[in-house]
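# Descriptive structure summary
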Amino acid sequence: MNYESTDDPGLHRFLCTNAAPNGYESTFFQLQIDSITFQISQLHKRLSELENQLVVYRGVLSPVRRMPAEVLGEIFVCFLPDMLQAGARNDLVNIQLVCKSWRDAARLTHQLWGALYFEDVTNVPYKKVKQWLNRAGSLSKTLVLSPPSMSSHAACTNQTFTCGPAQSSALATLLPNLEGTLDHLSLEYSGPKCFQRLLDLLEVVHEGPATLQRRTWYSLKSFRLEFEDEWNESPEALRLMFLQLPPNITSFELHLPSKWSNAFELEDGEDSDRAPLPLPQGLLERLSSFTLFCDWDGTQWLEAALGHCVNVEILTLDFMGTFWVYKPDQPDTKRFLTSGLFLPKLRKLRMRQICSPSMDILRILKAPQLVELNIDYQGNEDEDWAFSQAVLSLITRSGCVATLRLLHLRYTFLKAEELVATLGHLPFLTHLTLEEADSPNNSAYAFLLLARSSQIQLLHLETLELLELRPDFAFYPLLEFLKSRRPYRMEDGEPVFTKPQGVFKRLRVAYQRTKKAKEWFSESQIVQVLGKSGGISFDIGPILYID
């Protein structure tokens, strides 16, 4: 400590000795301490004032003030969900209250305003709903009505349910107020009787010019309809109901009750193979996109749903994670399996929550224009299933080997040999995506087989994506595969490529959330060389840690 800074000679005497001050001297020194403490307090207060002023002045020069409205809007889009429920709608309102520039940015970002989600429409201000959706500009506008829960048709008398009389009446009043605004409507019901109540209120069965109640219904281009728990109507009643669907829709998503639900009498759902599904031919022929959630047994529903989809380009079949059971010895089933289902314009086929027995459906379909096959498998690693044979059957029956370019597999639990055999039948494949592979060693070994195979070249492969990858994935085989795409040797620390650049251009890797682990793949020499000099783009996501 520097004692020379003190100019009090009396203080110096005490600092140089261990003498104790007397009463008078102690009082004097305490007064000095109090004075200095007060001055320090004042200086701290002044420093705090100056620091606050500094923050204010720096805020004036903040880059956020010069951020373009388009960038602010994109930030808002990332912050808010795609489908705005009550809480998210309040968040969007609060964002606009921050300042004028934020309000202007929100209003200019049409994507924020295109989708509304309600659990109850009885107290919805109709004009404000239309004003809200109109802010989406020319973008597609969506209205979703989904109750918090549904149990059975007996609950329909409850006004809080979608199918309650008050809800149907409110929706029948809301829709005419959205004339010229709405593109997509999503409704959820316990059963068809509840949905019929809305149709009656809208008077869609009436002939002649469209009334105000029907004009919004007629203008819909996309429609989603979900039935959860009931399917007891006669085939004729169901046919009339489907005939009253919006007549101009080209995209339709239908959720049928599960065979394990109260819709069927037998506990194991065996009677689902006889359940009627009288979808009108005219409806199916109009569709360009069709999504069907169904786990019923037999082939009757499949023929009814897909028999006339002559213009469908995007087809999604969701099997709801259960086995598809059918009786191949029955005459009608034999005929159906032999003739198959012809989908002349199908370009994208998505199989969701499919179990191994349900893969037999691929043996039925004929899609000569198929470009993309997307399979989301639900099962376990111990199941023995012939994935390659099912895919090959689809390709052979359809004759689409030259058109199939994109393959996306999720949770497929494939052995390396099975995956390689499948890829061997897809020589024109340009995009391959493997997602959430829970057998990382099998997938890794597949790349080793591909790298060393002289018969399976995948000469047209442009993009490889490994998504939701486990950090313990064995990358050495993948590195060998990458090097086989663009072979090189090192001379004097520089790569010398032995072959010209091929069509392979991009690798994307995204990891699962995991406990802390070292990510070294991006640091490997092969990735560094091919990324810097080999003409291949690498997008390797960080490992996200969980607590």
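You'll find the structure just up there.
Below is a summary of the structure that appears in this document. (Residues numbered from 1 in each chain as written. Predicted model: local features only at pLDDT ≥ 70, side-chain atom pairs only at ≥ 80, totals over all residues. Heavy atoms only, no water.)

## A word on helix 8 (residues 192-202)
Restricting attention to buried positions, one finds in helix 8 the residues Pro192, Cys194, Phe195, Leu198, Leu199 and Leu202. Buried residues of helix 8, seen end-on, are gathered within an arc of 160 degrees and therefore sit on one face of the element. Where helix 8 ends, the next residue or the one after it, Glu203, has phi of about 60 degrees, a positive value. (Buried < 20%, exposed > 50% of the residue type's maximum accessible area, 1.4 Å probe, protein only. Helix = DSSP H or I, 4+ residues; strand = E, 2+ residues; numbered from the N terminus. Arc of directions from axis to C-beta.)

## A closer look at the packing of aromatic side chains
Following the criterion strictly, the structure yields 19 aromatic pairs and no others. Taken together, a centroid distance of 5.5 Å and an interplanar angle of 70 degrees make the contact between Trp217 and Phe223 edge-to-face. Considering the side-chain rings of Trp231 and Trp296, the 5.9 Å spacing of their centres and the 65 degrees angle between planes classify their relative orientation as edge-to-face. One end of the pair, Trp231, is in the loop between strand 4 (222-227) and helix 10 (235-243); the other, Trp296, is in the loop between strand 6 (289-293) and helix 12 (300-306), and 65 residues separate them in sequence. Trp296 carries the same exposure label as Trp231, and that label is buried. Each member of the aromatic cluster is reached from another via a ring pair, and the members are Tyr189, Phe195, Trp217, Phe223, Phe227, Trp231, Phe242, Phe252, Phe290 and Trp296. Positioned over the ring face of Trp113 is Arg135, at 4.9 Å from the centre of the ring. The ring of Phe497 is capped by Arg486, whose NZ or CZ atom sits 4.1 Å from the centre of that ring. (Phe/Tyr/Trp six-rings, centres within 6.5 Å; stacked < 30°, edge-to-face > 60°. Lys NZ or Arg CZ within 6 Å of the ring centre and 35° of its normal.)

## What about helix 18 (residues 525-532)?
Taken as a whole, helix 18 has its buried residues at Ile526, Val527, Val529 and Leu530. Viewed end-on, helix 18 has its buried residues packed into an arc of 170 degrees, placing them on one side of the element. Among the structural elements, helix 17 (475-485), strand 15 (488-491), strand 16 (494-497) and strand 18 (537-540) are those in contact with the buried residues of helix 18. (Contact = heavy atoms within 4.5 Å.)

## Examining the pairing of strand 7 (residues 314-318)
Most of strand 7 is tucked away, with four of its five residues classed as buried. Here five bridges tie strand 6 to strand 7, and the two strands are oriented parallel to one another. In the strand pairing of strand 7, Phe290 is matched with Leu315. A crossover connection joins strand 6 to the parallel strand 7 through helix 12; in handedness this β-α-β unit is right-handed. (Pairing = 2+ DSSP bridges. Right-handed = clockwise from strand over helix to strand, strands pointing away.)

## Here's the deal with the pairing of strand 9 (residues 348-354)
Both strand 7 and strand 9 contribute to a ladder of five bridges, which runs parallel. The partner of Thr316 across the bridge, within strand 9, is Arg350. Strand direction decides the pairing type here: strand 9 and strand 11 (residues 372-377), joined by five bridges, are parallel. Across the sheet, Arg350 pairs through a bridge with Asn374, a residue of strand 11.

## Some remarks on the packing of helix 14 (residues 387-398) against helix 15 (residues 416-424)
The relative placement of two packed helices comes down to the angle between their axes together with the axis-to-axis distance. With their axes 9 Å apart at the nearest point, helix 14 and helix 15 run at an angle of 10 degrees to one another. Put simply, helix 14 runs roughly parallel to helix 15. Contact with helix 14, carried on its side by Phe387, Ser388, Gln389 and Val391, involves Glu418, Ala421 and Thr422 of helix 15 and no other residues of that element. For the contact of helix 14 with helix 15, the residue count by class is three nonpolar, three polar and one charged. (Axes fitted to C-alpha atoms, helices over the stretch in contact; angles between N-to-C directions. Parallel < 35°, antiparallel > 145°, perpendicular 65-115°, else oblique. Nonpolar A, V, L, I, M, F, W, Y, C, P; charged D, E, K, R; others polar.)

## Overview of the pattern of salt bridges
Tallied over the entire structure, the rule returns 18 salt bridges. In this structure, Glu303 engages Arg335 in a salt bridge whose closest nitrogen and oxygen atoms are separated by 3.5 Å. In this pair, Glu303 sits in helix 12 while Arg335 sits in helix 13 (residues 331-339), placing the two residues 32 residues apart along the sequence. A residue is classified by how much of its surface remains accessible, and Glu303, at 31% relative accessible area, is partly exposed. When its relative accessible area of 42% is taken as the criterion, Arg335 is described as partly exposed. Across the pair Glu372 and Lys348 runs a salt bridge, and its minimum N-O distance is 3.8 Å. (Salt bridge = Lys/Arg side-chain N within 4 Å of Asp/Glu carboxyl O.)

## So, the nonpolar core
The biggest cluster of nonpolar side chains holds 135 residues, and the ones touching the most others in it are Phe195, Phe223, Phe290 and Leu478. When residues no more than four places from it in sequence are discounted, the contact partners of Phe223 are His184, Leu185, Leu187, Phe195, Trp217, Leu245, Pro246, Ile249, Ser251, Phe252 and Glu253. (Core = buried A, V, L, I, M, F, W, Y, C linked by side-chain atoms within 4.5 Å.)

## Some words on the side chain of Ser272
Among the secondary structure elements, Ser272 is positioned in the loop between strand 5 (251-255) and helix 11 (281-286). Of note is the side chain of Ser272, whose polar atom sits 3.0 Å from the backbone nitrogen of Asp297. Setting aside its immediate chain neighbours within four residues, Ser272 contacts Lys259, Phe264, Trp296 and Asp297. (Polar contact = N/O pair within 3.5 Å; in protein donor to acceptor, adjacent residues only side chain to side chain.)

## Digging into unusual backbone geometry
Positive phi outside glycine occurs at Met320, with the angle close to 60 degrees. On the secondary structure map, Met320 appears in the loop between strand 7 and helix 13. By relative accessible area, Met320 is classed as partly exposed at 27%.

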